[in-house]
Amino acid sequence: MPKYVIKRDIPGIGSMNKEELQEVAINSNRVLNELGPDIQWLHSYVRENGTHCVYIARNEEIIHEHAEKSGASVVEITKVETMIDPTNEED
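What comes next concerns the included structure. Counting restarts for each chain: residues are numbered from 1 in the order of the written sequence. Reporting in this predicted model follows two pLDDT cut-offs: at least 70 for local features of residues, and 80 or more for side-chain atom pairs to be given and counted; totals over whole chains, interfaces and linings ignore these cut-offs and use all residues. Where side-chain values are given, they derive from all heavy atoms of the structure, hydrogens and water being excluded.

Describing the sheet that holds strand 1 (residues 3–9)
Line of reasoning, step 1. Strand pairing follows a simple DSSP-based rule, namely that at least 2 bridges must link the two strands. Comment: elements are numbered from the N terminus, with helices defined as DSSP H or I runs of at least four residues and strands as E runs of at least two. As summarised here, the arrangement of the 4 strands in space is 2-3-1-4, forming an open sheet in which the pairing is antiparallel. The sheet terminates laterally at strand 2 (39–47) and strand 4 (76–79), the two strands that pair on one side only. The mean angle between the axes of side-by-side strands here comes to 20 degrees, regardless of whether they run parallel or antiparallel.
Line of reasoning, step 2. Both strand 1 and strand 3 (residues 50–57) contribute to a ladder of 7 bridges, which runs antiparallel. Each residue of the ladder has a partner; that of Val5, found in strand 3, is Val54.
Line of reasoning, step 3. The sheet strands contacting helix 1 (residues 18–35) are strand 2 and strand 3, and the helix crosses strand 2 at an angle near 160 degrees.
Line of reasoning, step 4. Contacts between residues were defined by any pair of non-hydrogen atoms, one from each residue, lying within 4.5 Å. All axes are obtained by fitting lines to C-alpha atoms, using only the stretch in contact for helices, and the reported angles, taken between N-to-C directions, cover 0 to 180 degrees. Helix 2 (residues 60–70) contacts strand 1, strand 2, strand 3 and strand 4 of the sheet and is inclined by roughly 35 degrees relative to strand 1.

Quick notes on the packing of helix 1 against helix 2
Line of reasoning, step 1. Two elements in contact, helix 1 and helix 2, have axes whose closest approach is 9 Å; the angle formed by their N-to-C orientations is 130 degrees. Classified by the angle their axes make, helix 1 and helix 2 are oblique. Remark: the crossing between helix 1 and helix 2 carries right-handed chirality. Of the residues in helix 2, those touching helix 1 at Asn27, Ser28, Arg30, Val31, Leu32, Glu34 and Leu35 are Ile62, Glu65, His66, Lys69 and Ser70. Angles below 35 degrees are treated as roughly parallel, those above 145 as roughly antiparallel, those between 65 and 115 as roughly perpendicular, and all remaining angles as oblique. If you view the pair so one helix is near and one far, a crossing is left-handed when the near helix is turned anticlockwise from the far one by less than a right angle, and right-handed when it is turned clockwise.

Details of the environment of Thr51
Line of reasoning, step 1. Along the chain, the position of Thr51 falls in strand 3.
Line of reasoning, step 2. Since its relative accessible area comes to 4%, Thr51 is described here as buried.
Line of reasoning, step 3. On a C-alpha basis, the gap between Thr51 and Lys7 in space is 5.9 Å, while along the polypeptide they are 44 residues apart.
Line of reasoning, step 4. Apart from residues no more than four positions distant in its own chain, Thr51 is found in contact with Ile6, Lys7, Arg8, Ile10, Ile13, Ser44, Tyr45 and Val46. Between buried and exposed lies partly exposed: a residue is buried under 20% and exposed over 50% of the maximum accessible area for its type, with that area taken using a 1.4 Å probe on protein chains only.

Things to note about the pairing of strand 1
Line of reasoning, step 1. Taking every second residue as pointing to the same face, the buried face of strand 1 carries Tyr4, Ile6 and Arg8, while none of Lys3, Val5, Lys7 and Asp9 on the other face is buried.
Line of reasoning, step 2. In the sheet, strand 1 pairs with strand 4 via 4 bridges, with the strands oriented antiparallel. Directly across from Tyr4, in strand 4, lies its bridge partner Lys79.

Points about the environment of Lys3
Line of reasoning, step 1. With respect to the helices and strands, Lys3 occurs in strand 1.
Line of reasoning, step 2. Setting aside anything within four residues of it in sequence, one finds Lys3 in contact with Leu42, Val54, Tyr55, Ile56, Thr78, Lys79, Val80 and Met83.

Side note on the side chain of His66
Line of reasoning, step 1. In this structure, His66 sits in helix 2.
Line of reasoning, step 2. Assessed through its relative accessible area of 1%, His66 is described here as buried.
Line of reasoning, step 3. His66 has contacts with Arg8, Ser28, Val31, Leu32, Leu35, Ile39 and Tyr55, leaving out every residue within four places of it along the chain.

Below you can see the structure in the form of structure tokens.
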């Protein structure tokens, strides 16, 4: 399945404590369980007023469905075409 990066605006999330962040994750996971195996949350990078989340999903539509059911914003969805990292350097 394709990998996506989802930009979300969530005012104040960067200032949330551990328990508040756990509640956000619990809510997201509840909806992911309802939607089944066609969508998987890998991880999120938290910034001051939002997140960049990495998902594996069947398509963008199921990401929007997750957002609607969980109450999470979607500012932008970007499909990952390939990945590079420092190990891609030639010899």
